Amino acid sequence: MFEEMPEKTIVTWTVMITGYTRNGFDAEALDVFRRKQIEGIEPDWVSLIAVLPACTQLGALERAKVEPNEITFVGLLLACTHAGFLDEGLKYFDSMREDYNIEPGIEHYGCLVDLLGRTGLIDRALETIMNMPMKPDSAIWGSLLSSCRTQSNLEVAVIAMEQLLELEPDDVGNYVLLSNIYTKLGDGTECQG
């Protein structure tokens, strides 16, 4: 059916790539990805994320010969974050600037903060936020607060919460996260709001 379609969109190409990858047909997934490029359809972040597992399985990043861009690195950093691959994530983050002259944007810093927090490096995540070349947004502070809950780090949680109070004072979810940290630590102190 795919071959007979008169017009293939980025969505139909990505569905084919995902289907092949999920069923272990990694070479076929890469082939479809290549064909998509040959037909002039530029990859978006969804199609890049769909082809990453196939590249990993085949060790073929040098083959999907696409110069990585900002979206590529978001996908790589997200994958490292969710898999808990700290060293690889740090390597990719540094590689953006050093190897490809891509300045990390706020979304890349958000992924890095999430990666550091999820792997227990809360202080390093806070240091990263404080040294960002742009003003951190509520998503970054929220990610840090969530990691503080997981890692039971009340001290940094209070710092994150102070920032979130300025950025989104009406978001009750932040209060719940902080309350959960207090509860988890058995402090019993009520949140001040």
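Treat the numbers as computed from the prediction; the structure is a model and nothing was measured. (Residues numbered from 1 in each chain as written. Predicted model: local features only at pLDDT ≥ 70, side-chain atom pairs only at ≥ 80, totals over all residues. Heavy atoms only, no water.)

What about the pattern of salt bridges?
Moving on, step 1. Using the criterion set out here, one finds four salt bridges in the structure.
Moving on, step 2. The partner of Arg35 in a salt bridge is Glu3, and the shortest N-O contact between them spans 3.1 Å. Remark: Glu3 occurs in the segment before helix H1 (10-22) and Arg35 occurs in helix H2 (residues 26-38); sequence separation between them is 32 residues.
Moving on, step 3. The exposure class of Arg35 is partly exposed, given its relative accessible area of 24%.
Moving on, step 4. The exposed category is assigned to Glu3, whose relative accessible area is 52%.
Moving on, step 5. Across the pair Asp114 and Arg118 runs a salt bridge, and its minimum N-O distance is 3.1 Å. Separated by four residues within a single helix, Asp114 and Arg118 lie in helix H6 (residues 106-118), roughly one turn from each other. (Salt bridge = Lys/Arg side-chain N within 4 Å of Asp/Glu carboxyl O. Helix = DSSP H or I, 4+ residues; strand = E, 2+ residues; numbered from the N terminus. Buried < 20%, exposed > 50% of the residue type's maximum accessible area, 1.4 Å probe, protein only.)

Some thoughts on the packing of aromatic side chains
Moving on, step 1. In total, this model carries three aromatic pairs according to the counting rule given.
Moving on, step 2. A ring pair is formed by Tyr20 and Phe25, whose centres lie 6.3 Å apart and whose planes are at 75°; its orientation type is edge-to-face.
Moving on, step 3. Phe25 sits in the partly exposed class, given a relative accessible area of 42%.
Moving on, step 4. For the ring pair Phe93 and Tyr109, a centre distance of 5.2 Å and an interplane angle of 75° mean the geometry is edge-to-face. (Phe/Tyr/Trp six-rings, centres within 6.5 Å; stacked < 30°, edge-to-face > 60°.)

Side note on the environment of Trp141
Moving on, step 1. Mapped onto the secondary structure, Trp141 falls in helix H8 (residues 138-151).
Moving on, step 2. A sequence separation of 74 residues divides Trp141 from Glu67, and the C-alpha atoms of the two residues are 31 Å apart.
Moving on, step 3. Setting aside residues up to four positions removed in sequence, Trp141 forms contacts with Leu126, Ile129, Met130, Pro136, Ile159, Ala160, Gln163, Leu164 and Leu167. (Contact = heavy atoms within 4.5 Å.)

Quick notes on the environment of Lys135
Moving on, step 1. Counting through the fold element by element, Lys135 comes out in the loop between helix H7 (122-130) and H8.
Moving on, step 2. Between the C-alpha atoms of Lys135 and Ile106, which are 29 residues apart in sequence, the distance is 8.5 Å.

Quick notes on unusual backbone geometry
Moving on, step 1. Phi at Asn101 takes a positive value of approximately 50°, unusual for a residue other than glycine.
Moving on, step 2. With respect to the helices and strands, Asn101 occurs in the loop between helix H5 (86-100) and H6.
Moving on, step 3. Note on Asn101: relative accessible area 69%, which makes it exposed.

Looking at the packing of H6 against H8
Moving on, step 1. It is the contact of H6 with H8, at a shortest axis distance of 9 Å, that shows an interaxial angle of 5°. When the axis of H6 is compared with that of H8, the two are roughly parallel. On the side of H6, the interface is formed by Ile106, Tyr109, Gly110, Val113, Asp114, Gly117 and Arg118, while H8 contributes Ile140, Ser143, Leu144, Ser147 and Gln151.
Moving on, step 2. Split into classes, the residues belonging to the contact of H6 with H8 amount to five nonpolar, five polar and two charged. (Axes fitted to C-alpha atoms, helices over the stretch in contact; angles between N-to-C directions. Parallel < 35°, antiparallel > 145°, perpendicular 65-115°, else oblique. Nonpolar A, V, L, I, M, F, W, Y, C, P; charged D, E, K, R; others polar.)

As for the UniProt feature "repeat: PPR" (unreviewed entry) in the protein
Moving on, step 1. The UniProt feature table records "repeat: PPR" (unreviewed entry) at residues 9-43.
Moving on, step 2. Between the end C-alpha atoms of residues 9-43 there is a gap of 11 Å, over a span that is 74% helix and 0% strand. (UniProt positions renumbered as here; feature names shortened; annotations may be inferred.)

Remarks on helix H4 (residues 70-83)
Moving on, step 1. An ideal rise of 1.5 Å per residue puts 20 Å on 14 residues; H4 measures up with 20 Å between its terminal C-alpha atoms.
Moving on, step 2. Regarding H4, the residues found buried are Thr72, Phe73, Val74, Gly75, Leu76, Leu77, Cys80 and Thr81.
Moving on, step 3. The positive-phi residue at the C-terminal boundary of H4 is Gly84, with phi of around 75°. (Expected span 1.5 Å × (residues − 1).)

Some points on the state of the cysteines
Moving on, step 1. Under the criterion given, the structure shown has zero disulfides.
Moving on, step 2. Just so you know, Cys80 is unpaired, no disulfide at all, and the nearest cysteine sulfur is the one on Cys111, 9.7 Å from it. (Disulfide = S-S within 2.5 Å.)

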